[in-house]
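Coordinate inspection notes
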Amino acid sequence: MPVALAPYGRLFAAGIRQQTTYRLAMLGGLVANTTFGLLKSVILLAAVRAGGGNLHGYAVGTMATYVWLSQGLLGSLNLTGRTDLADRIKSGAVVTDFLRPISLQWGTVATDVGKAVCALLPRGAPSMLIGYLFVGMTIPHRPLPWVLGAVSLLLGITVSWASVYLVASAAYWLVEIRGLQVFYMMVSGFFAGLLVPISLFPHWLLVLASSTPFPSMLQYPIDVFTGRGGVGLITAQVGWLALVGTVGHVLTNAGRRRLEVQGG
């Protein structure tokens, strides 16, 4: 690893270690994922069968795959907009982060991505296994979709946390951002494809969703894994990551000049 990237690799590993301390929370998340996965399976698989076995390209097996992959990834994505950074900006504690010889933006994202990757094993993988055994999923039998799916998944997680960094950065100006976080939570889950695949949207709504980074977080990794998309979707994810990263960099520099620490 290049010397310049080594601190971010250590922060990524630190995020993994931090996440492993919350074992009961991950167990609770697995139970919640499984419960809502079963409910979604009943509703969406019934919709596919009502559509004659095919709903906008989704058969029973591929819709089940969508349901359980989306539930399995939910613990690794931040679709709530909440992060510790917002509290640190509000309290002024973020000033100590600016003293470190690394990027506040990418140091924060690296730590959060480490936590997210760690959550895949105890929370994401078991829920997908449950879906495969008890509901049925269509999984690829060639190695390429697995490889591309893994790349797309990592990009989706990174886009998710890099986007939440933008929400937290609003605290430099707004101080209290709970309203913005609630709005982000409502919009991100819907446009990411958490409730239903975005291909089921009306055309105008599909175009609107595709003009946001949210499908890159959840829908695109699922589409790449199931063969409904490939390198083109990964390229879109890279583009969104670059755009979100650039905006985050601008907000960080502007927020640093705007930051006021009460009491000195």
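Residues numbered from 1 in each chain as written. Predicted model: local features only at pLDDT ≥ 70, side-chain atom pairs only at ≥ 80, totals over all residues. Heavy atoms only, no water.

Turning our attention to the overall build of the chain. When helices and strands are tallied, the chain shows 13 helices and 0 strands. Scanning the chain from its N terminus toward the C terminus, one meets helices and strands in the order α-α-α-α-α-α-α-α-α-α-α-α-α. With the C-alpha coordinates of the chain rotated into their principal frame, the extents come out at 65 × 40 × 35 Å. Taking as baseline every contact in the chain between residues at least 6 positions apart, the subset at least 24 positions apart corresponds to 76%. Charged side chains in the chain number 17 positive and 7 negative. The centres of these two groups are separated by 8 Å. (Helix = DSSP H or I, 4+ residues; strand = E, 2+ residues; numbered from the N terminus. Contact = heavy atoms within 4.5 Å. Lys, Arg positive; Asp, Glu negative; His and termini not counted. Charge placed at Lys NZ, Arg CZ, Asp CG, Glu CD.)

Attention now goes to the confidence of the model for the chain. Of all residues in the chain, 95% have pLDDT values of 70 or greater, and the mean over the chain is 85. At the low end of the mean pLDDT range in the chain sits helix 1 (residues 6-19), at 76; at the high end sits helix 11 (residues 214-217), at 96. (pLDDT = per-residue confidence, 0-100.)

Attention now goes to the nonpolar core. In terms of nonpolar packing, the biggest core is built from 60 residues, with Met-63, Val-94 and Ile-157 touching the most fellow members. The dominant element in this core, judged by the number of residues it contributes, is helix 7 (residues 143-169), at 11 residues. Beyond its immediate sequence surroundings of up to four residues, Ile-157 is in contact with Ser-76, Leu-77, Val-113, Ala-116 and Leu-120. (Core = buried A, V, L, I, M, F, W, Y, C linked by side-chain atoms within 4.5 Å. Buried < 20%, exposed > 50% of the residue type's maximum accessible area, 1.4 Å probe, protein only.)

Attention now moves to the packing of aromatic side chains. A complete count under the given rule lists 6 aromatic pairs for this structure. Arranged with centres 4.8 Å apart and planes meeting at 90°, the rings of Trp-146 and Phe-225 form a pair that is edge-to-face. Pair noted here: Trp-146 is in helix 7 and Phe-225 is in helix 12 (residues 219-226), with a separation of 79 residues, a long-range link. Owing to a relative accessible area of 10%, Phe-225 belongs among the buried residues under this scheme. Residues Tyr-184 and Phe-214 carry aromatic rings whose centres are separated by 5.5 Å and whose planes lie at 70° to one another, so their mutual orientation is edge-to-face. Here Tyr-184, found in helix 9 (residues 178-192), pairs with Phe-214, found in helix 11; they are 30 residues apart in sequence, far enough to count as distant. Residue classification places Phe-214 among the buried residues on the basis of a relative accessible area of 10%. Three or more aromatic residues joined by ring pairs make a cluster, and in this case those are Phe-190, Phe-191 and Phe-201. If you follow Arg-228 out to its NZ or CZ, it ends over the ring of Tyr-58, 4.0 Å from the centre. (Phe/Tyr/Trp six-rings, centres within 6.5 Å; stacked < 30°, edge-to-face > 60°. Lys NZ or Arg CZ within 6 Å of the ring centre and 35° of its normal.)

Here the focus is the side chain of Asp-112. Note on placement: Asp-112 falls in helix 6 (residues 104-134). Ignoring any residue separated from it by four or fewer positions in sequence, one finds Asp-112 in contact with Thr-83 and Trp-161.

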